[in-house]
Amino acid sequence: MDLSLYSGETLGLIGPNGSGKTTLINVVSGLLYADGGSLLFYGSRIDRMSPHRRSHLGINRTFQIPHPFYGLTVRENVDIALLFGRMKKRTDLEQKSEDILKLTGLSELSEHRAGSLNTSQKKMLDLAKALATEPRILLIDELAAGLNSNETEVVAGLLREVKKNVDAMLVVEHVMNFIKKVTEDVVVFDAGKVIFSGRFADAVRDGRVREVYLGTVRSS
Amino acid sequence: MSLFIDAFITSTLLAAFFSIAALGLNVVFGVMRIVNLAHGEFIVMGSYLAIALALHYNFNPVLSLAVIVPFFFVVGLLLYFPIVPRLQKSDDPEMGSFILFFGVSFALEGIAVQMFGVNYQSLSYSVFRPLHVSTLGTTIPTAWVVTALVSVAAIVLVYLYMYRTGLGLQTRALMINREEAMANGVSVNRVSAIAFGISIALAASAGAFSSFISYPTTPSIGDTFTLISFAIIIIGALGNPFATVVGAIVFAFAYGYTDIYEPNWSALVPFVILIAVVLARPQGLLGRKAREF
């Protein structure tokens, strides 16, 4: 496959289960190494770079099922990402973590242990940690899955806000409604291949996309 | 009654020693998910170095720590890089580590035989004056008290490292969730290498005192130390360094009391307790289903 993400772009990535969306995020963020091919970040190859160094460069991601550091408080979780995510000396740690907690709606929970959060709060914390590493590219893995429609609305608004602070964003999602709210540009995956690339509105009319999602469509 | 108090004091001192002996093994397991089966051999190596320093330079074992800690910390770093990252890339690092460090332990035992012979060696109690201290109506060797104090100091230092430094915070993050820690920019190799160095330095420091309070030093006693350390961290909780202290207390009291009342059973009872813990609480006394630190 061949996929480019441009500065200023927010790209939605959709496709059925098992099509390789999360695998792609894992390869870009460094948890998996690709068997072949090349991965370029602003022109330099990063295929074999370890995940923490990619984080230092400015690539970060959220997890489909977030696993924050359970025994630490919400604030400590964010502080770890702030301190080590970009390996910068920080003098404004407190202000930064306050801002991020506020943005993600976690201010009131800052002294709670991460293990005591509910699913949507854990997802917000995961996003907060990713943001704390000040990514240039942010990869979002199914943030809306398992959230109710109100929460989805809030999260979509949040991502539009986040967009202003990052160079580019790749949003993997199952919930079509959510993608629509965040971006118009989508790529559709099936079995590890790009089968469509273009506007969301065109994707839903595309024959192959419909086939992949709904099964074979017989022409009438 | 005095027997009871005797056993209590001995067990308390022994618990402190067992804590420092086993702590490093649990740090390595917690951070790297591997078992260093050569752990006891590093206790033995530390012991030989302390004995040599006492013999040639008249160092008492507390002073010899100034050499032992940095030396074995570096040994740990040097061992880490060629071994551990490779292990971690394998399909089953835990099982791989058993086999690999089993081999390392034989190699170290062989080296010890070549260098120091097979005879028993011990540091003399007389390195500390007065020879004995009396408390609560019992008399105990000063060397035991010093051993316990050094052990407590070492545990406090490790605690401060883990809970008061940036590297310690990264270490805890890595112990809780490896992938998440990497995604948050924690440098796995740097943090792990330091943890491995600390582990080996702790083991060797315990060795500086082991010939006073536990067994005289021979190349083959390393296996016994590994076994005891492993039992202690399983009783406490695998992967939680400070649960080691709880495991050590249980083990030491089981050993200490049996040793005074029924000496023939003293090698057996602590391990019966180990089996009971494994059956009743496989995650260890302080273990949780989800690890929290």
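Residues numbered from 1 in each chain as written. Chains lettered and ligands numbered in written order. Predicted model: local features only at pLDDT ≥ 70, side-chain atom pairs only at ≥ 80, totals over all residues. Heavy atoms only, no water.

## Some thoughts on the overall build of chain B
Counting its secondary structure elements, chain B contains 11 helices and 2 strands. Walking chain B from its N terminus toward its C terminus, one meets helices and strands in the order α-α-α-α-β-β-α-α-α-α-α-α-α. On C-alpha atoms alone, chain B measures out to a radius of gyration of 19 Å, which is about the 19 Å that the 2.2 N^0.38 rule sets for 293 residues. Each principal axis of the C-alpha distribution contributes one length, and for chain B these read about 55 × 45 × 35 Å. In chain B, which comprises 293 residues, the proportion classed as buried is 55%. Within chain B, residue pairs in contact and separated by at least 24 positions form 76% of the contacts whose partners lie at least 6 positions apart. Summing over all exposed atoms, chain B offers an accessible surface of approximately 12600 Å²; the carbon and sulfur share of this is 69%. Across chain B, 12 positive and 12 negative side-chain charges occur, with their mean positions spaced 12 Å apart. (Helix = DSSP H or I, 4+ residues; strand = E, 2+ residues; numbered from the N terminus. Rg over C-alpha atoms; globule rule 2.2 N^0.38 Å. Buried < 20%, exposed > 50% of the residue type's maximum accessible area, 1.4 Å probe, protein only. Contact = heavy atoms within 4.5 Å. Areas by Shrake-Rupley, 256 points an atom, 1.4 Å probe, with all protein chains shown as cover. Lys, Arg positive; Asp, Glu negative; His and termini not counted. Charge placed at Lys NZ, Arg CZ, Asp CG, Glu CD.)

## Points about helix α1 (residues 2-32) of chain B
Residue and element names in this part refer to chain B. An ideal rise of 1.5 Å per residue puts 45 Å on 31 residues; α1 measures up with 45 Å between its terminal C-alpha atoms. Its maximal kink placed at A22, α1 deviates by approximately 35 degrees. In terms of residue burial, α1 counts as a mostly covered element, since 24 of its 31 residues are buried. Backbone geometry just downstream of α1 places R33 in the positive-phi region, at approximately 55 degrees. (Expected span 1.5 Å × (residues − 1). Bend = angle between axes of the 7 residues up to and from the residue.)

## A short note on the sheet that holds strand β8 (residues 193-199) of chain A
Residues and elements named next belong to chain A. Strand order in this open sheet of 6 strands is β4-β5-β6-β1-β7-β8, and the pairing throughout is mixed. At either margin of the open sheet sits one strand with a lone partner, and together these are β4 (59-61) and β8. Neighbour to neighbour, the strand axes of the sheet diverge by 20 degrees on average, direction disregarded. Direction of pairing for strand β5 (residues 137-141) relative to strand β6 (residues 168-172): parallel, over a ladder of 5 bridges. Directly across from D141, in β6, lies its bridge partner V172. The sheet strands contacting helix α1 (residues 21-29) are β1 (10-14), β4, β5, β6 and β7 (185-190), and the helix crosses β5 at an angle near 150 degrees. (Pairing = 2+ DSSP bridges. Axes fitted to C-alpha atoms, helices over the stretch in contact; angles between N-to-C directions.)

## Describing the environment of E111(A)
Residue and element names in this part refer to chain A. Residue position: E111 is located in the loop between α4 (93-103) and α5 (119-132). A relative accessible area of 52% places E111 in the exposed class. Distance in space between the C-alpha atoms of E111 and L72 is 9.0 Å, their sequence separation being 39 residues. For E111, the residues in contact, after removing those within four places along its chain, are T73 and R75. Polar contacts involving the side chain of E111 include one to the side chain of S110, which spans 3.4 Å. (Polar contact = N/O pair within 3.5 Å; in protein donor to acceptor, adjacent residues only side chain to side chain.)

## A closer look at the packing of aromatic side chains
By convention here, two paired aromatic rings are described through the distance between centres and the angle between planes. Scanning the model with the defined rule gives 23 aromatic pairs over all chains in all. Members of the aromatic cluster, joined through ring pairs, are F4(B), F8(B), F253(B), Y257(B) and Y261(B). Sitting over the ring of F63(A), R61(A) keeps its end group 4.0 Å from the ring centre. Geometry around F69(A) places K129(A) over its ring, the cationic atom sitting 3.9 Å from the centre. (Phe/Tyr/Trp six-rings, centres within 6.5 Å; stacked < 30°, edge-to-face > 60°. Lys NZ or Arg CZ within 6 Å of the ring centre and 35° of its normal.)

## Remarks on the domain arrangement of chain A
By a frequent convention, interface size equals the accessible area lost on bringing the separate parts together. Residues and elements named next belong to chain A. In terms of domain boundaries, chain A breaks down into domain 1 (1-58 + 135-220) and domain 2 (67-133). One C-alpha centre belongs to domain 1, the other to domain 2; they are set 24 Å apart. With 18 residues of domain 1 at the contact, the number on the domain 2 side is 13 residues. For the pair domain 1 and domain 2, the summed buried area comes to about 1200 Å², and 68% of that belongs to carbon and sulfur atoms. It is H56, P135 and L158 in domain 1 that bury the most area against domain 2; as a group they hold 39% of the surface buried on that side. For the interface between domain 1 and domain 2, the tally reads 0 salt bridges. Here domain 1 is connected to domain 2 by 6 residue pairs in polar contact (both at pLDDT 80 or more). At the level of elements, α2 (51-57), β5 and α6 (149-162) are the ones that each hand at least two residues to the side of domain 1 that touches domain 2. (Domains from an automatic or database assignment. Buried area = accessible area lost by both parts, 1.4 Å probe. Salt bridge = Lys/Arg side-chain N within 4 Å of Asp/Glu carboxyl O.)

## Notes on the pairing of β7(A)
Residue and element names in this part refer to chain A. Examined bridge by bridge, β1 and β7 share 4 bridges and lie parallel to one another. Following the sheet pairing, L11 is matched in β7 by D185. Relative to β8, β7 runs antiparallel, the two sharing 6 bridges. By the bridge assignment, V188 is partnered in β8 with F196. Taken together, β7 and the strand that follows it, β8, pair antiparallel across an intervening segment of 2 residues, in which A191 is found at a positive phi of about 45 degrees.

## A word on the packing of helix α9 (residues 222-236) of chain B against helix α10 (residues 243-261) of chain B
Residues and elements named next belong to chain B. Where α9 meets α10, the axes come as close as 7 Å, and the angle between the chain directions of the two elements is 115 degrees. If you check the angle between α9 and α10, you find them roughly perpendicular. Crossing handedness for the pair α9 and α10: right-handed. Residues I228, A231, I232, I233, I235 and G236 of α9 lie in contact with α10, whose contacting residues are A243, T244, G247, A248, V250 and F251. Residues of the contact of α9 with α10, tallied by class, amount to 9 nonpolar, 3 polar and no charged. (Parallel < 35°, antiparallel > 145°, perpendicular 65-115°, else oblique. Left-handed = near helix turned anticlockwise from the far one by under 90°. Nonpolar A, V, L, I, M, F, W, Y, C, P; charged D, E, K, R; others polar.)

## Examining the nonpolar core
Judged by nonpolar contacts, the single largest core of 96 residues is most densely connected at I80(A), F18(B), M32(B), F101(B), F196(B) and F212(B). Here this core gets 17 residues from one element, more than from any other, and that element is α1(B). Setting aside chain neighbours within four positions, we find F196(B) in contact with V28(B), M32(B), N36(B), G76(B), L79(B), Y80(B), V84(B) and F101(B). The next biggest cluster of nonpolar side chains, apart from the first, holds 41 residues, and it includes V78(A), L117(A), L158(A) and V171(A). (Core = buried A, V, L, I, M, F, W, Y, C linked by side-chain atoms within 4.5 Å.)

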